[in-house]
Amino acid sequence: MNLLHIAILIPFFCVPFVPLLAKYAHRIHTGWFVMAVPVVLLVFFASYYSSGHPLEPVLYTVSWIPSLGIDFSVYLDSLSLLFALLITGIGALVVFYSIFYMSKTREKLHLFYAYLMLFMGAMLGSVLSDNLLTLYAFWELTSVSSFLLIAFWYHRKRSRYGAQKSMFITMTGGFFMLLGFIILSSAGGTLSIRELIASSGQLAQHPYFLPAMFFILLGAFTKSAQFPFHIWLPDAMEAPTPISAYLHSATMVKAGVYLVARLTPIFGGHMEWFWTITIVGLITLLIGSMKAIRQSDLKALLAFSTISQIGLIMCLLGIGSIALNSQYSDSSLMFAGAVLAGVFHLINHSIFKGCLFMMIGILDHETGTRDIRRLSGLIHVMPVSFTLTMIGAFSMAGLPPFGGFLSKEMFFSGVLTASRTMNGWFIFIPVIAWLASVLTFVYCMILIFRVFMGPHQPKEGERIPHEAPLGMLISPMILAAFVLILFFFPNIIASSLLEPTVKAILPQVFANGAEWHVHISAWHGFNTEIMMTLGIILLGTLLYRYITRFIDIYDSIPLRFSLNQAYDSGLTGMERLAGKITGFYITGSTTHYLSYLFVFIIVMAGGSLFVQGAWSLDLSGNAPIQMYEYLLGFTTVAAAIHMLFTRSRLISIIAVSVIGYIVSLFFIIFRAPDLALTQLVVETISTTLFLLCFYFLPKISKYITPMKFRVTNAIIAVGVGMTLTLIGLSTQSHHMFESIAEFYKDSYKLAGARNMVNAILVDFRGFDTMLESVVLFTAGIGIFTMIKLRQAGRKQP
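Residues numbered from 1 in each chain as written. Predicted model: local features only at pLDDT ≥ 70, side-chain atom pairs only at ≥ 80, totals over all residues. Heavy atoms only, no water.

Helices and strands together make up the secondary structure of the protein, namely 34 helices and two strands. Expressed along its principal axes, the backbone C-alpha trace of the protein runs to roughly 110 × 75 × 55 Å. Sorting the 797 residues of the protein into buried and exposed places 48% on the buried side. In the protein, 80% of the contacts between residues at least 6 apart in sequence involve partners at least 24 apart. Accessible area for the protein stands at about 39,100 Å²; split by element, carbon and sulfur atoms hold 68% of it. (Helix = DSSP H or I, 4+ residues; strand = E, 2+ residues; numbered from the N terminus. Buried < 20%, exposed > 50% of the residue type's maximum accessible area, 1.4 Å probe, protein only. Contact = heavy atoms within 4.5 Å. Areas by Shrake-Rupley, 256 points an atom, 1.4 Å probe, with all protein chains shown as cover.)

Given below as C-alpha cells:
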C-alpha cells in the first residue's frame with residue numbers, strides 16, 4: 001500500500017479517536033487535535049507540487065476484490081492534485097475557523113469532527129480513485145457524510161429536511177451514475193478510468209455509449225447542484241457555517257465538476273456532451289443569479305450564488321470539450337482556453353466563496369441574525385469584517401484587482417470563442433453569460449452595501465454587534481490574501497498547475513506535442529471582454545440603484561410551478577402511493593401472505609420456464625411402475641385429500657402421518673433403508689409432538705368459508721403443486737451438469753464410511769445434522785414445558 005492510499009485512509013482512521021479525545025481531553029477544544037489531519041495531508045500533497053515544472057502522473061494499485069476486477073487504484077495527476085489541495089487546504093482553514101465558531105460546551109464536537117473527517121476522506125477517495133466502482137463507493141460516502149453534517153443540528157426541523165433532501169437527490173443521481181459506470185465498464189472491458197480513456201475511440205462505437213453518458217451526467221449534475229437538481233443546496237444551508245464553507249464552496253459541489261473534467265477525455269468531442277453540459281450550465285448560471293438577488297438571508301444568497309458559479313464552471317467545461325471534436329480541430333487550442341478559464345475559476349471560487357461563507361458566519365455569530373433587512377451600517381463597528389467581505393464579494397462580481405476578475409474575463413473569452421467559431425444559435429451563449437454576470441454584480445452589491453453601508457441603528461433587544469475575535473478572522477484573512485495574490489501573481493500556478501490540469505482534461509489535443517503555454521495577464525487592451533465588463537458595471541449599478549422596482553417587476557411574474565413544490569409534492573405522493581401499496585398486501589392475514597408467496601412462485605418460476613420453453617419431460621428412461629407403487633401413490637393422494645376435508649384435528653394429524661409413513665415405504669422400495677429409517681423416526685416424533693400440542697386446542701370451528709375464497713385457494717394449491725412437480729420432472733430429464741454423486745463416490749476413502757448416505761449425514765454435513773437434532777430437541781423441550789405448565793395451572797384451585 002502506497003502513501004497515497006494511506007493519505008486517503010488517514011481521515012477514516014481518525015474518526016473513532018475523535019470521540020475519545022472529546023471525552024478525555026475535554027478541556028482542550030477538539031478542533032485543535034483534528035486540525036493536524038488536514039494540515040499533514042496538505043503538506044503531503046503540496047510536496048507533489050512544484051512551481052518549476054508540472055507533476056508527473058503516478059498510479060498505484062492495491063488488489064481489493066480481484067474476482068470482480070475491483071482494485072483500490074489511486075491516480076495522482078495535476079487534476080486530482082488540484083482537488084486534493086483544495087480539499088485539504090480549505091479543510092485546514094475550516095477546522096481552524098470552527099475552533100472559534102463552535103462552542104466546546106454547547107455543541108457535540110465529537111460528532112461534528114467525526115463527520116467532518118469522514119467527509120474529507122470520502123472526498124479524497126473520490127478525486128484520487130482510478131477504479132470506477134471504488135470512485136462510486138467514495139462518491140456515495142460523501143452523500144452519507146454530508147447528510148450527517150447538514151443534519152448536525154438535528155433538533156431543527158429544517159436541518160433534518162435539508163439533510164434528507166440533499167441525500168435523496170444526490171444518491172438518486174449516484175444510482176444513475178452507477179448504471180452509467182457499469183455500462184461504460186462493460187463496453188470497455190475494464191473499470192480503470194485510465195484504460196477507458198485509452199480506448200475512448202472504441203467506446204464511442206458502443207450502442208449504449210450515449211445512455212452511459214447521460215446516466216453519468218445525472219450523477220454529476222445532482223452532486224454539483226445543477227438545474228433542475230439545484231434545489232437541495234439552499235436547504236443544506238441549515239448546517240453550521242463551517243460546514244457550509246467546506247461542503248458548498250470547495251468540496252461537495254465541486255465533485256460533479258471533477259467527474260465531468262475527469263471523463264471529458266472519454267465523452268468530450270461528442271455534441272451531446274457539449275450541448276447537455278453547456279445548456280445545463282448556462283441555465284443554472286442564470287437561475288442561480290436570478291434567485292440570489294431575491295434572498296433576504298445571507299446564507300441563502302451565497303447558496304444561490306454557489307449554484308450560479310458552479311453553473312459557470314460547468315458551462316466552460318462543456319464549451320472546452322469541443323476541443324476534442326475533429327470538426328473543430330483547427331480551433332482546438334482556442335476551446336482549450338475555455339477549460340483553462342473553468343479550472344482557474346474553480347480555484348478562485350473555492351477561495352472567495354470560502355472567505356464569504358466564513359464572513360457570513362461571523363456576521364451571524366456577532367450580530368445574531370443573517371437577515372439583510374435587519375442589518376445595516378456594520379462598517380462602523382466591524383471594519384475588518386467589511387474589508388474581508390468586500391474582497392470576497394468584489395472577486396465574485398469579477399472586479400479588479402481581485403482574482404475573480406481574471407477568470408471572469410477568461411469566461412467571456414471562452415463563450416465568445418464558441419459564438420465566433422460555431423454558427424447557428426451559439427450567439428445566445430455570451431448573451432446569457434453576460435446577463436447572468438450582471439445579476440451576479442447586483443447581488444454582490446447587495447451583500448456589501450445593504451449590510452455594511454448606511455446608518456447603524458440596532459433595534460431594541462438585538463445583540464450589540466462587534467468585531468469578531470482574531471482567531472475567527474484568521475482563516476478568511478488567509479483566503480482574502482489569496483484572492484489578491486491570484487490577481488497580481490496569477491502565473492505562479494499557470495505553468496505548474498493550470499496548464500497540466502487542462503492537458504489532463506484534454507489529453508488528445510496535446511497528444512501530438514502541440515505547443516500551448518499558459519500566461520495570464522490582467523490587461524489585454526480595449527477588447528470585447530473588457531467592454532462586457534464595463535457594461536456589467538453600468539447596468540448592474542443601475543439595477544442596484546432601482547433594486548426595489550426591479551424586484552417588484554420580477555415578483556410580478558406568476559410562478560405557479562416551482563421545483564421545490566414539485567419535489568415536496570412528489571415526495572408526498574410517493575409516500576401515499578407506498579402507503580396504499582403496503583396497505584394492499586399487509587393485511588395481517590397469514591393466508592394472504594402465503595398466497596402472495598405461492599403466486600410469486602407460480603408466476604416467476606413456472607412462467608419463466610414456460611416462456612423460455614424449458615419444460616422437458618423425458619420418461620423413456622424411467623423404470624416401469626409396478627401395481628403396488630400405484631397403490632401407494634393413490635393412498636398418499638387419498639390421505640392428502642382426506643386431510644383437506646376432515647373436521648377433526650386428530651384425523652388430520654393421522655392423515656399427515658400416513659403420508660409420511662408411505663414415503664418411508666417408497667424409500668424401502670428404492671433401496672434406501674437409511675433414509676427410510678430416518679423418515680420413520682422423524683415422522684413418529686413429529687406425529688407425537690403434533691398430538692401433544694393439538695390435544696389441548698379447541699375443536700375446529702364449523703364456519704362456512706366463501707366459495708370465492710375456497711376456489712382461489714384451490715387454484716393456488718393446484719398451481720404450486722403442478723409447478724413444483726413439472727420442475728422436478730424437468731430436472732430429471734436434463735443432464736446439464738455432472739452428477740454430484742461423483743463427489744461422494746470416495747466416501748470410504750474420505751470419511752471412512754462404507755455407506756454413502758451415512759457419510760453425507762455424519763461427515764459431509766455433520767454440523768447440519770447436529771443442528772437439526774438440536775432444533776428438534778429444543779422444540780421438544782419447549783413443547784414439554786408448555787404442557788407441564790398448562791397441567792400445573794389446571795391443578796391449582
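The next subject is the pattern of salt bridges. This structure, assessed with the given rule, holds nine salt bridges. In this structure, the salt-bridge partner of Arg-158 is Asp-235, at a minimum N-O distance of 2.5 Å. Here Asp-235 lies in helix α12 (residues 232-235) and Arg-158 lies in helix α8 (residues 157-188), a separation of 77 residues in the sequence. A relative accessible area of 42% means that Arg-158 is categorised as partly exposed. Put simply, Asp-371 and Arg-373 hold a salt bridge, and the shortest N to O gap is 3.0 Å. A relative accessible area of 18% places Asp-371 in the buried class. Accessibility expressed as a relative area gives 60% for Arg-373, which makes it exposed. Residues participating in the shared-partner salt-bridge network are Arg-158, Lys-165 and Asp-235. (Salt bridge = Lys/Arg side-chain N within 4 Å of Asp/Glu carboxyl O.)

Moving on, we come to the state of the cysteines. Considering all chains together, one arrives at zero disulfides under this definition. Left unpaired, Cys-444 is separated from the closest cysteine sulfur, that of Cys-355, by 12 Å. (Disulfide = S-S within 2.5 Å.)

Another point: the packing of aromatic side chains. The relative placement of two aromatic rings is captured by the distance of their centres and the angle of their planes. In this structure the tally under the stated criterion is 30 aromatic pairs. Aromatic side chains Phe-487 and Phe-488 sit 5.0 Å apart centroid to centroid with 90° between the ring planes, which places their arrangement in the edge-to-face category. For Phe-487, a relative accessible area of 11% translates into the label buried. Among the aromatic residues, ring-to-ring pairing joins Phe-112, Tyr-113, Phe-152 and Trp-153 into one connected group. Across the ring face of Tyr-75, the terminal group of Arg-194 is positioned such that the distance to the ring centre comes to 4.1 Å. Over the ring of Phe-510 we find Lys-503, and its NZ or CZ is 5.6 Å from the ring centre. (Phe/Tyr/Trp six-rings, centres within 6.5 Å; stacked < 30°, edge-to-face > 60°. Lys NZ or Arg CZ within 6 Å of the ring centre and 35° of its normal.)

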